[in-house]
Amino acid sequence: MTSQPSRRGEPEAPDPLPIPVVDNHTHLDISREGEGPTVEGIAPVLRAAAAVGVDRVVQIGCDPEGNEFAVAAAEAHRAVLAGVAVHPNEVPRLAAEGRLDAALARVEELTAHPRVRVVGETGLDHFRTGPEGHAAQEESFRRHIELARRAGLALQVHDRDAHADVLRVLRDAGAPERTVMHCFSGDLDMARECVARGYHLSFSGTVTFKNAKDLRDALSVTPLELLLVETDAPYLTPHPWRGATNSPMLVPLTVRVMASVLGVAVATLCEALSENAERLYGPW
């Protein structure tokens, strides 16, 4: 079965992958239409993903409520591991409310949980946050980097319209050995720099977009051992469902495009994606 527009305008399940892979970064608590699901309510999403060969996910928290959801989801579902952090766009708001230090302290507490394997997403966002918030974002980013090193966890980095500054901070602050560029959005030169530093590059559905030649060029120079795949659900839905609500079930569409760009068999890429995730985060 191939993905074709359904009568309801909702994505249909793609052909299953030959080897199960991990959705490296998802937000199952976020809904684009009203209130998000409960921890128990994500079970159908996880089942639909597993049916097409996406049998594990990393649920990422972005704010105090999302962090608690991520940990609870990882406790309730064996397919889920958790990442916790304060998203860069949340940093100025929480700082203005006098809640940032408490939020970061709680992130540190949660890193001791055995199902938390990631500090992130953290980083810099110069698209949604203006210059007045950049200093607070950078300070928070540095604190997350230090926490990831101290806790011995992988770091997942958010980078939007801030490539040079993100690379500068990671260099100056001393990126953890296990650093992941979530939803990689850089060009060929940035990909080469990240590869030289040993960072993992995680590609989302954006790599399938017709106008994403720069991303596919970046993918083409990324070694298999540094690759990951993600949804960033409910956003960044891969072609041909761009604009619809994304979910881990649609990861196979991205994987197949990635394999084509790299000139490798889908099974070969799947094996690498699975091994890379378990090397970064440990067993599920």
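Right, let's walk through the structure included here.

Cut-off values and rules
For every chain, the first residue of the written sequence is number 1, and numbering continues from 1 along that sequence. Residue-level local features of this predicted model are given only where pLDDT is at least 70; pairs of side-chain atoms are given and counted only at 80 or more, and the full residue set underlies all totals for whole chains, interfaces and linings. Side-chain figures throughout are based on the complete set of non-hydrogen atoms in the structure, without hydrogens or water. Think of a salt bridge as a Lys or Arg side-chain nitrogen and an Asp or Glu carboxyl oxygen that are within 4 Å of each other. Three labels apply to residues, based on accessible area from a 1.4 Å probe with only protein chains included: buried if under 20% of the type maximum, exposed if over 50%, partly exposed otherwise in between. Helix and strand labels come from DSSP, where a helix needs a run of H or I of at least four residues and a strand needs a run of E of at least two; each type is numbered from the N terminus. Note: two strands are recorded as paired if DSSP finds a minimum of 2 bridges between them. With strands facing away from the observer, any crossover in which the path from the first strand over the helix to the second runs clockwise is taken as right-handed.

Pairing is possible between side chains of opposite charge, provided their charged atoms come close. On inspection of all chains with the given rule, the structure shows 17 salt bridges. Residue Asp55 is joined to Arg56 by a salt bridge in which the shortest nitrogen-to-oxygen separation is 2.7 Å. Note on Asp55: relative accessible area 31%, which makes it partly exposed. Judged by relative accessible area, which is 8%, Arg56 ranks as buried. Its salt-bridge partner being Arg197, residue Glu193 comes within 2.7 Å of it at the nearest N-O pair. With Glu193 and Arg197 both in helix α7 (residues 188-197), this residue pair falls 4 residues apart, about one helical turn. Exposure remark for Arg197: the relative accessible area of 26% places this residue in the partly exposed category. Linked by salt bridges that have partners in common, Glu90, Arg93, Glu97 and Arg99 make up one network.

Let's shift gears to the pairing of strand β2 (residues 54-60). Of all 7 residues making up β2, 6 are buried, and the element is well covered by its neighbours. Sheet analysis places strand β1 (residues 21-26) next to β2, joined by 4 bridges and oriented parallel. When the sheet's bridge partners are listed, Asp23 is paired in β2 with Val57. Each parallel crossover has a hand, and for β2 linked through helix α2 (residues 64-76) to strand β3 (residues 80-84) it is right-handed.

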